[in-house]
Amino acid sequence: MNWLDKLERKFGRYAIPNLTVYLLVGYVIGFGIVNLMPNMITWLTLEPGLILRGQIWRIISWVLIPPTSNLISIVFLVLLYYSLGSALEHTWGTFRYNVYIFSGILFTVIAVFGLYGYFYFRYGVEIPLSSVGLVSTNYVTMSIFLAFAAIYPDMEVLLYFIIPIKMKWMAIVYAVMAVYYFVTGSIVERVAIGASLLNFVIFFLSSRNMRRFGPREQARKAKFRRQSAPHMKYANGAKHRCAVCGRTELDDPCLEFRFCSKCNGNYEYCQDHLFTHEHVK
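Rules used throughout
- Residues numbered from 1 in each chain as written.
- Predicted model: local features only at pLDDT ≥ 70, side-chain atom pairs only at ≥ 80, totals over all residues.
- Heavy atoms only, no water.
- Helix = DSSP H or I, 4+ residues; strand = E, 2+ residues; numbered from the N terminus.
- Buried < 20%, exposed > 50% of the residue type's maximum accessible area, 1.4 Å probe, protein only.
- Contact = heavy atoms within 4.5 Å.
- Areas by Shrake-Rupley, 256 points an atom, 1.4 Å probe, with all protein chains shown as cover.
- Phe/Tyr/Trp six-rings, centres within 6.5 Å; stacked < 30°, edge-to-face > 60°.
- Salt bridge = Lys/Arg side-chain N within 4 Å of Asp/Glu carboxyl O.
- Core = buried A, V, L, I, M, F, W, Y, C linked by side-chain atoms within 4.5 Å.

## A look at the overall build of the chain
Across its full length, the chain carries 10 helices and 4 strands. Sequence-ordered secondary structure for the chain, helices as α and strands as β, is α-α-α-α-α-α-α-β-β-α-α-α-β-β. Considering the chain as a whole, with its 281 residues, one finds that 40% of them fall into the buried category. The contacts of the chain with a sequence gap of at least 6 include a subset with a gap of at least 24, amounting to 63%. Counting every atom, the chain has about 16200 Å² of accessible surface; 64% of that belongs to carbon and sulfur.

What follows is the structure, encoded as structure tokens:
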């Protein structure tokens, strides 16, 4: 198991389901603030100097700043990312999806504090970063899109509900846009782009065997579950049982179970015996 698997065993029960919904609700609230109470935005920005003076809510409140103030764009964004985020959470699991989103937010906060420290020690004065550019979760949501495209590159979506286009081509367009904004944008925008892409790169490079999250593997597992469901009824209502040690999810809720594709028959193993059992031929 890699580090994500180990973390999931220990802290998986604390993961927040439907995290995309909370993120998008924050966008809607921020959109309302921008249009109804624009002066309030100055109290939400990610401003390290003010955070160090006690305005600690800014560590979280900047997530409310929407990527756009256009009504049509925000509606399109909410509909698109609700479907992408929900599908990604279903594919990865709630815990992995939580780690992906929160690490992107954390990387952004760390990068902005690093930029603040750089300005302060280089020029000896405190420069309000909001005067250079606002930090929003625009590129965190972009990392959701890139992650989805990496797993489902050939899936087609309707661009603006009209034009069918494959995810891989949209991902290329997004990447080109990110490079363009990185070159032409403010230094704060560059930091936000770099942090979000860092999240994408670290997550995929440190996750071994990402093929198990691909559409073919997911379809194979779903078909196997449907075929084997009538035979998977164990004592006390357990749904999983290790063929080696006999433990079920009732013995330890943190146990993970997987079927072995090399065994002939419906043989399921816990994580302690998945890679160490003798294949049934």
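Okay, back to it.
## Some points on unusual backbone geometry
Even without glycine at this site, Asn18 takes up a positive phi of about 55°. Considering the arrangement of structural elements, one finds Asn18 in the loop between α1 (3–11) and α2 (19–36).

## What about the packing of aromatic side chains?
If you walk through the whole model with that rule in mind, you get 7 aromatic pairs. Aromatic side chains Trp92 and Tyr100 sit 5.2 Å apart centroid to centroid with 70° between the ring planes, which places their arrangement in the edge-to-face category. Neither Trp92 nor Tyr100 differs from the other in exposure class; each is buried. Centre to centre, the rings of Tyr116 and Tyr120 are 6.3 Å apart; their planes meet at 20°, and the pair counts as stacked. In this pair, Tyr116 and Tyr120 both sit in helix α6 (residues 94–123), 4 residues apart, roughly one turn of the helix. The buried category is assigned to Tyr116, whose relative accessible area is 11%. Taken together, the aromatic side chains of Tyr116, Tyr120 and Phe121 make up a single cluster linked through ring pairs.

## So, the pattern of salt bridges
All chains considered together, the criterion is met by 2 salt bridges. Taking the shortest distance from any N to any O, the salt bridge between Asp272 and Arg247 comes out at 2.7 Å. Within this pair, whereas Asp272 is found in the segment after β4 (268–270), its partner Arg247 is found in the loop between α10 (215–228) and β3 (257–259), the two being separated by 25 residues in sequence. By relative accessible area, which is 38% here, Asp272 ends up partly exposed. Residue Glu256 is joined to Arg258 by a salt bridge in which the shortest nitrogen-to-oxygen separation is 3.5 Å. On the accessibility criterion, Arg258 (31% relative accessible area) is partly exposed.

## Considerations on the nonpolar core
Judged by nonpolar contacts, the single largest core of 52 residues is most densely connected at Trp62, Tyr81, Leu84, Leu88, Trp92, Ile144 and Phe145. Contributing elements (two or more residues each) for this core: α2, α5 (71–92), α6, α7 (138–151), α8 (167–184) and α9 (187–205). When residues of this core are assigned to their parent elements, the largest contribution, 10 residues, is made by α6. Filtering out sequence-adjacent residues up to four positions away, Leu84 remains in contact with Ile144, Phe145, Phe148 and Met167.

Geometric values such as these leave the question of function open.
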